[in-house]
Amino acid sequence: MASDSLQFLLYAIILVALAWPLGGYMARVFQGERTLLSPVLAPVERGIYAAAGKGATQGQHWTRYALSMLVFNLAGWLLLYAILRLQHLLPWNPEGLAPMSPDLAFNTAVSFVTNTNWQAYGGETTLSYFSQMVGLTMQNFVSAATGIAVAVAVIRGFAARNAKSIGNFWVDMTRSVLYVLLPLSIVGAIVLIWQGVPQTLGAYVPATTLEGANQLIAQGPAASQIAIKQLGTNGGGFFNVNSSHPLENPTQLSNLLQLVYILLIPAAFCFLFGHMVKDRRQGVAIFAAMGILFVIGLAIIYGSELRGNMLYDALPIDQVAGNMEGKEVRFGAGLSALWAEATTAASNGSVNSMHDSYMPLSGLVLLLNMQVGEVIFGGVGAGFYGMLLFVVLTVFLAGLMVGRTPEYLGKKIEAKEVKLAVLAFLSMPIGILVFGALAAVAPSAVAAVQDPGPHGLSEILYAYSSATGNNGSAFAGFGAGAPFHTTLQGVAMMLGRYAFIVPMLAIAGTLAAKTPAPASAGTFPTHGPLFVVLLMIVVLILGGLTFFPALALGPIAEHVAMLAGQTF
Amino acid sequence: MTKHKRRDFSLFDGALAAHAAQSAVAKLDPRVLYRNPVMFVTGVVAVLTTLIFVRDLAMGAATAGIVGQIAFWLWVTVLFANFAEAIAEGRGKARADSLRATQSETECKRLRGKPTDHEEFEIVSSRALRKDDLILVTAGELIAADGEVIEGVASVDESAITGESAPVIRESGGDRSAVTGGTRLVSDWLVVRVTAEPGKSFLDRMIAMVEGAERQKTPNEIALNILLVGMTIIFLMVVVTLEPFALFSGTSIPVAFLVALLVTLIPTTIGGLLSAIGIAGMDRLVKANVIAKSGRAVEAAGDVDTLLLDKTGTITFGNRMADAFMPVPGVSERELIETALLASFPDETPEGKSIVELARKMLGSQVDVHQEQVANFVPFSAQTRLSGADLTDGSEVRKGASDATLRYAGATASLDLKRIVEGIAKSGGTPLVVARDKRILGVVHLKDIIKPGIRERFAELRRMGIRTVMITGDNPLTAAAIAAEAGVDDFLAEATPERKLELIRKEQNEGKLVAMCGDGSNDAPALAQADIGVAMNSGTPAAKEAGNLIDLDSDPTKLIEVVLVGKQLLISRGALTTFSIANDVAKYFAILPALFITAYPGLQSLNIMDLSSPASAILSAVIFNALVILALIPLALRGVRYTPATAGQLLRRNLLIYGLGGLIVPFVGIKAIDMAVSALALA
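Per an unreviewed UniProt entry, chain B carries the name Potassium-transporting ATPase ATP-binding subunit and comes from Allomesorhizobium camelthorni. Regarding chain B, the relevant UniProt record gives this comment under Catalytic activity (unreviewed entry): "K(+)(out) + ATP + H2O = K(+)(in) + ADP + phosphate + H(+)". UniProt annotates chain B under Sequence similarities (unreviewed entry) with the comment "Belongs to the cation transport ATPase (P-type) (TC 3.A.3) family. Type IA subfamily."

Going by an unreviewed UniProt entry, chain A carries the name Potassium-transporting ATPase potassium-binding subunit and comes from Allomesorhizobium camelthorni. Within the UniProt record for chain A, the comment given under Subcellular location (unreviewed entry) is "Cell membrane".

See below:
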């Protein structure tokens, strides 16, 4: 308990110590200023723009920015779909794996393009090295870069003054990959290789176990993909069991590095925001709101995992280490809980334990983390612009109470922004509740759910929350490969991504054009503790209230049933 | 001068309430109801629940009793919301009617020929008047329409509009040329050019603002409505998808219960009161005797960052007044005061009167000089720039500007005199040098007198984050002194209309919202440029056309009140929205355990209010939801209490009252209703 707390604290310190300077660095990168890496990377960047031709780097109106983003993502999807369907014809397929089925390829391509990285397949049994390295790893980079670019553009909208443009998508993409994702993932990959993660194009290795059985040990170019899967909050593992696999996450150090990488860029975004709007306190306030929600979630998960299942108390089962079902002994309840909280709060989705085996209350927190819209740090970029949506709603709801038209950073929040915010907000209940309800009654969908009762409902809710929130983690026990689910989940992932991004870019566009009013004593303060608390409450009430009835039938019902001695 | 307050209407005036109750029913018409989306949804599900009730009744189902009661309370919810709107409209209408009484059709004399030819007229109805018609009004007659005086001088009783009983002078040319329809000429005659088409007068606009039908929604109201619609859609999804989730969980929820959950979750409280808040806000403005040309202006008033205030009339009394007597060495103060008094006895100017007043006050009972000593009054003339008196004993007393008095005395200024005069000028005052028989005695300090309480008012505005800027034609030195004394944040000295306009543009470029008031035609461009332009009713038609608010009392300090009304309107909306959303938490705890108790008996632990039965819990939540609308009508009409404070303080206080209150009140309320419901065995 004490050592766990110490590890949590150490983690928090490392995270802030790295995210703070990274935020400043990223702000300089995206404002086109000189940075540490400029001497090396600036010529490369210039070369790319020169190749792209004249005018490729001009400022874009939000509509053009959104269109560029959509076209780029569509192209990425087509390419990935083609690779997955044609992998048997492509190189680097030593195991001779067959092409993916159309519905699974659709689902997988959508999943990686939207930064969800939901895996309705098992990596080592389905995908060739080419599919993993060229297809998936490339999307790991560019889908993360898309999120970063959009968030930077949205922040520009809040920071700008009478501007028509919110930046250039291609420039933002180039800089995200070149200055942020590539350097950090190279460092991460090297550390992981040092810690024993394989990085090879060689075939799987046959081994003879102690019992004399033959086992084929999967390997491949894992380290490079794992570094970016964490850094880009992708989460798609190289191996099926993700970061609980000993080759994907071999040591305590690799575990710590991956944990830090999960939240690094999302946390840095808060500080980047403070830099770009020229008011650090604004960024710190948002970081505080995210941080406190994170800690509350972690406390509940860790508490209930450590407590374990009270029904076991009467049985001769040792629960000193807490609920250890589905957990790696080397990580224990503490590091598993931390990972579970981090991976669902950030829309990462990689796991180092099996969420399906968590206590019901822990499951509730994991679900809520996703259902509030992946805004507690959230995905790279995506979490931050998601939180800005909540900021807009908070300011609108509470701002009226100070007797002025609500404003944030001096920009008035008016009918148009509210309309767009509501539009963006609708994607979560549609993806989770409407699609989830379809999955709960359609016979072909229900057949794919392993467990009955509240736990089964939790599995459905989890799957659709994960897809719509672009998280990608899963409650096992949910047959995601059924065509019903691959298709509907694919739609949910697109909805959660693009039906959110486009209105947010539109908000950025309308805000960019406004003249900010200077702050005065009559201005709604958005940096103090009061605002932090208010923002958290709005996240919980607007995000939480929407899903409370469904959750009551899922994890809450399961929890109270467990108290009454019934398990599912 | 007396001022009769416009009659206020008690919150639930019997006749008003009865009429409002009638129109609450009339507003059930779907063509009317659809304009309020939240209530429209409530109405639709009320119909649905009623149909289920009829079916249950026909089939003799045991649930008929509870379904019928839910249906009843859903209808009551809609009716209460309609009633809130109707009573706000009713109060507006009543106010409009009292205004309209002054606007009844009158006969008037329309000139056929030239304005100077008063014999050539025809008698026509006021309704037949068109813009640019000329009418002749004589003493005792009502002025038939809004217009501009083009000939004549007359005193006009404007009490019907302003509540001010003292008549005011209206004359052609200058800034006192505007007359308002419905006011009465007390003396003389006027030729008036009609400036408004029938039905477009200021009074008509005022009436339209307070009558609900014509009311345009204000920008924030529209934005809030969008949010409420969004929340309604979300909760529709929540409730509709709950049945599939329940089916998966092996249970089914009666439709009436789902409906109850829906109606308690969607923001019915704020949805039902939103338009009443808007109408009541407009009504408060009318009560302050201000006409808004658009609802947008009222709301924008709450957003004002910078107030431009004319010095004269707003910050200071119109005239300079004597403040001190400062003798030169060798002259006693008493001698100076007595001489100044003698020089001012017959002086009817405000300055003269103020000298008499101050001298009397300072001398008290020891006054040795009398008006009878004055033989001959010497009035101010442009040549001498002096005034004073020749006394019965043959001596001369004079007062005037420093250079003029010195010229009269044939003297050059002593160092002491120079020091005194310059000191007064530097402090923003006007020095008036007094002499007796060509001997300089000293100086009277005339100064602008700051209105009492105005300094505190500005401090208050500063706390609210509003910057005040004083506009004056004075030189910068004088302006700075007055600005410092009045406590304004900034000033514009030697102001011309162009410089005013420039200042407004500069502030607006910084993203600030600017309010100003004005009356002259040369104010019109600035009034039009400002975000809030309050035109004085006594001002020229051009000024009134340019402003977006018109103050019928022509009181420049009204600007401050307008800002407060705007803020209160926004706060009321925000507070009730917060209250409405916070209510949902308790409703979940009431209804959810009741819905799922059969599927998962363990969920009874969510029933933290310990409500007696599932049916009672659901019914109590629905009843609470309806009653809370009724309970909040007075607050919606009156507006949330607003005391000027910083945004942080306001937020803390309102969050505590309406946020935390909104969280707690329904727990108490639903529990109380549940106890009543089970005591009466209703469910």
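Overview of the overall build of chain B
Looking only at helices and strands, chain B features 23 helices and 22 strands. Computed over C-alpha atoms, the radius of gyration of chain B comes to 34 Å, more than 25% over the 26 Å expected from 2.2 N^0.38 for 683 residues, which places it beyond the range of a compact globule. If one aligns the C-alpha atoms of chain B with their principal axes, the spans along those axes are about 115 × 65 × 50 Å. The burial tally for chain B puts 57% of its 683 residues in the buried class. Long-range pairs, those at least 24 residues apart, make up 70% of the contacts in chain B with a sequence separation of at least 6. Summing over all exposed atoms, chain B offers an accessible surface of approximately 26,800 Å²; the carbon and sulfur share of this is 58%. Each charge class in chain B can be summarised by its mean position, and for the 69 positive and 76 negative side chains these summaries are 4 Å apart.

Overview of the domain arrangement of chain B
Residue and element names in this part refer to chain B. We note that the domain assignment places domain 1 (14-95 + 210-285 + 564-680), domain 2 (107-143 + 146-195), domain 3 (297-315 + 451-552) and domain 4 (319-449) within chain B. Computed from C-alpha coordinates alone, the two centres of domain 3 and domain 4 are separated by 35 Å. Across the contact, nine residues belong to domain 3 and eight residues belong to domain 4. Surface buried jointly by domain 3 and domain 4 totals about 550 Å² across both partners, of which 48% is contributed by carbon and sulfur atoms. Between domain 3 and domain 4 we count two salt bridges in total. Across the pair Asp448 and Lys311 runs a salt bridge whose closest N-O atoms are separated by 2.8 Å. Across the contact surface, domain 3 and domain 4 share three residue pairs in polar contact (both at pLDDT 80 or more). When residues of the side of domain 3 that touches domain 4 are traced back to their parent elements, those giving at least two are helix H11 (311-315) and helix H17 (476-486). Examining the composition of the side of domain 3 that touches domain 4, we find that five residues originate from one element, H17, more than from any other. Across the side of domain 3 that touches domain 4, the residue classes break down as four nonpolar, one polar and four charged.

Thoughts on the UniProt feature "active site" (unreviewed entry) in chain B
Residues and elements named next belong to chain B. Per the UniProt record, the feature "active site" (unreviewed entry) sits at Asp310. Locating Asp310 in the fold gives a position in strand E11 (residues 306-310). On the basis of relative accessibility, which here comes to 21%, the residue Asp310 falls in the partly exposed class. When neighbours within four sequence positions are excluded, Asp310 is seen to be in contact with Ile315, Ile471, Lys500 and Cys517.

Notes on the UniProt feature "binding site: ATP" (unreviewed entry) in chain B
Residues and elements named next belong to chain B. Within the UniProt annotation, "binding site: ATP" (unreviewed entry) is assigned to Asp347, Glu351, Phe380, Ser381, Ala382, Gln383, Thr384, Arg385, Leu386, Ser387 and Lys399. For Phe380, the position within the fold is in the loop between strand E13 (374-378) and strand E14 (386-391). A residue is classified by how much of its surface remains accessible, and Phe380, at 58% relative accessible area, is exposed. With residues up to four places along the chain from it excluded, the contact list for Phe380 reads Arg385, Leu386 and Ser387. You can see Leu386 is positioned in strand E14. Non-local contacts of Leu386, meaning those with residues more than four positions away in its chain, are made with Pro379, Phe380, Ser381, Lys399, Gly400, Ala404, Thr405 and Tyr408.

With respect to the sheet that holds E11(B)
Residue and element names in this part refer to chain B. Overall, mixed pairing links the seven strands, which are arranged E10-E22-E21-E20-E11-E18-E19 in an open sheet. Across the chains shown, the open sheet's two edge strands, defined by having one partner strand only, are strand E10 (290-292) and strand E19 (490-492). Mean inter-strand twist for the sheet, computed between neighbouring axes without regard to direction, equals 20°. Pairing of E10 with strand E22 (residues 549-551) involves three bridges; the strand directions are antiparallel. Bridged to Ile291 within E22 is Ile550.

Details of the interface of chain B and chain A
Across the boundary between the two partners, chain B contributes 60 residues, which contact 63 residues of chain A. With both chains or domains summed, chain B and chain A bury close to 5,000 Å², and 80% of this area falls on carbon and sulfur atoms. At the surface where chain B touches chain A, the tally comes to one salt bridge. We note a salt bridge from A:Arg404 to B:Asp305, for which the minimum N-O separation is 2.9 Å. Taken together, chain B and chain A are joined by eleven residue pairs in polar contact (both at pLDDT 80 or more). Put simply, the parts of the chain that give the side of chain B that touches chain A at least two residues each are helix H7 (219-248), helix H16 (454-463), helix H21 (558-596) and helix H23 (647-679) of chain B.

Here's the deal with the pattern of salt bridges
Residue and element names in this part refer to chain B. Counted by the stated rule, this structure contains 43 salt bridges over all chains. The closest approach of N and O atoms between Asp551 and Lys558, which form a salt bridge, is 2.7 Å. Neither Asp551 nor Lys558 differs from the other in exposure class; each is buried. It is possible to trace a salt-bridge network through shared partners that takes in Arg467, Asp490, Glu507, Glu510 and Lys512.

Side note on helix H14 (residues 402-409) of chain B
For an α-helix, the turn length of 3.6 residues means that residues three or four places apart are oriented alike. Residue and element names in this part refer to chain B. Among the eight residues of H14, six are classified as buried, and the element is accordingly described as predominantly covered. Burial in H14 covers these residues: Ser402, Ala404, Thr405, Leu406, Tyr408 and Ala409. Tucked into the core, H14 has its buried residues touching E14, strand E15 (396-400), helix H15 (415-426), strand E16 (430-436) and strand E17 (439-450). The positive-phi residue at the C-terminal boundary of H14 is Gly410, with phi of around 65°.

Observations concerning the packing of helix H12 (residues 333-344) of chain B against helix H13 (residues 350-363) of chain B
Residues and elements named next belong to chain B. Packing of H12 against H13 leaves a shortest axis separation of 9 Å and a crossing angle of 140°. Seen along the crossing, H12 lies across H13 with a hand that is left-handed. Contacts between H12 and H13 involve Glu333, Arg334, Ile337, Glu338, Ala340, Leu341 and Ser344 from the first element and Gly352, Ile355, Val356, Ala359, Met362 and Leu363 from the second. Its residues assigned to classes, the contact of H12 with H13 comprises eight nonpolar, two polar and three charged.

Structural notes on the sheet that holds strand E5 (residues 153-157) of chain B
Residue and element names in this part refer to chain B. Spatially, three strands are ordered E6-E5-E8 in an open sheet, and the strand pairing comes out antiparallel. Edge positions in the open sheet fall to strand E6 (168-171) and strand E8 (184-185), since each of these has one partner strand only. Here two bridges tie E5 to E8, and the two strands are oriented antiparallel to one another. For Asp157, the partnering residue across the bridge sits in E8 and is Arg184.

Brief notes about a nonpolar patch on the surface
Residues B:Leu656, B:Ile657, B:Leu660, B:Leu663, B:Ile664 and B:Val668 make up a contiguous nonpolar surface patch of roughly 530 Å² in combined accessible area. As for its placement among the helices and strands, B:Leu656 is situated in helix H23.

Some words on the pairing of strand E2 (residues 214-217) of chain A
Residues and elements named next belong to chain A. Bridging between strand E1 (residues 205-208) and E2 involves four bridges; their strand directions are antiparallel. Its bridge partner lying in E2, Pro206 is registered against Leu216. With antiparallel pairing between neighbouring strands as the criterion, E1 and E2 make up a hairpin whose turn holds five residues, including Gly212 at a positive phi of roughly 90°.

Observations regarding the nonpolar core
A:Met26, A:Ile265, A:Phe269, A:Ile286, A:Leu388, B:Leu307 and B:Leu595 are the most contacted members of the largest nonpolar core, which totals 334 residues. Of all the elements, H21(B) adds the most residues to this core, at 21 residues. Apart from residues lying up to four places away in sequence, A:Ile265 is in contact with A:Leu22, A:Met26, A:Ile148, A:Val180, A:Leu181, A:Leu231 and A:Val380. Judged by nonpolar contacts, the second largest core, of 39 residues, contains B:Leu336, B:Leu363, B:Leu391 and B:Leu446.

A word on the environment of A:Leu553
Note on placement: A:Leu553 falls in helix H18 (residues 529-563). A relative accessible area of 0% places A:Leu553 in the buried class. A:Leu553 sits 408 residues away from A:Ala145 along the chain, and the two C-alpha atoms are 38 Å apart. Excluding residues within four positions of it along the chain, A:Leu553 makes contact with A:Pro454, A:Leu457, B:Leu242, B:Phe245, B:Ala246, B:Ser249, B:Phe596 and B:Tyr600.

Parameters at a glance
- Residues numbered from 1 in each chain as written.
- Chains lettered and ligands numbered in written order.
- Predicted model: local features only at pLDDT ≥ 70, side-chain atom pairs only at ≥ 80, totals over all residues.
- Heavy atoms only, no water.
- UniProt positions renumbered as here; feature names shortened; annotations may be inferred.
- Helix = DSSP H or I, 4+ residues; strand = E, 2+ residues; numbered from the N terminus.
- Rg over C-alpha atoms; globule rule 2.2 N^0.38 Å.
- Buried < 20%, exposed > 50% of the residue type's maximum accessible area, 1.4 Å probe, protein only.
- Contact = heavy atoms within 4.5 Å.
- Areas by Shrake-Rupley, 256 points an atom, 1.4 Å probe, with all protein chains shown as cover.
- Lys, Arg positive; Asp, Glu negative; His and termini not counted.
- Charge placed at Lys NZ, Arg CZ, Asp CG, Glu CD.
- Domains from an automatic or database assignment.
- Buried area = accessible area lost by both parts, 1.4 Å probe.
- Salt bridge = Lys/Arg side-chain N within 4 Å of Asp/Glu carboxyl O.
- Polar contact = N/O pair within 3.5 Å; in protein donor to acceptor, adjacent residues only side chain to side chain.
- Nonpolar A, V, L, I, M, F, W, Y, C, P; charged D, E, K, R; others polar.
- Pairing = 2+ DSSP bridges.
- Axes fitted to C-alpha atoms, helices over the stretch in contact; angles between N-to-C directions.
- Left-handed = near helix turned anticlockwise from the far one by under 90°.
- Patch = residues over 30% accessible without salt bridge, like charges linked within 9 Å, V, L, I, M, F, W, Y side chains within 5 Å.
- Core = buried A, V, L, I, M, F, W, Y, C linked by side-chain atoms within 4.5 Å.

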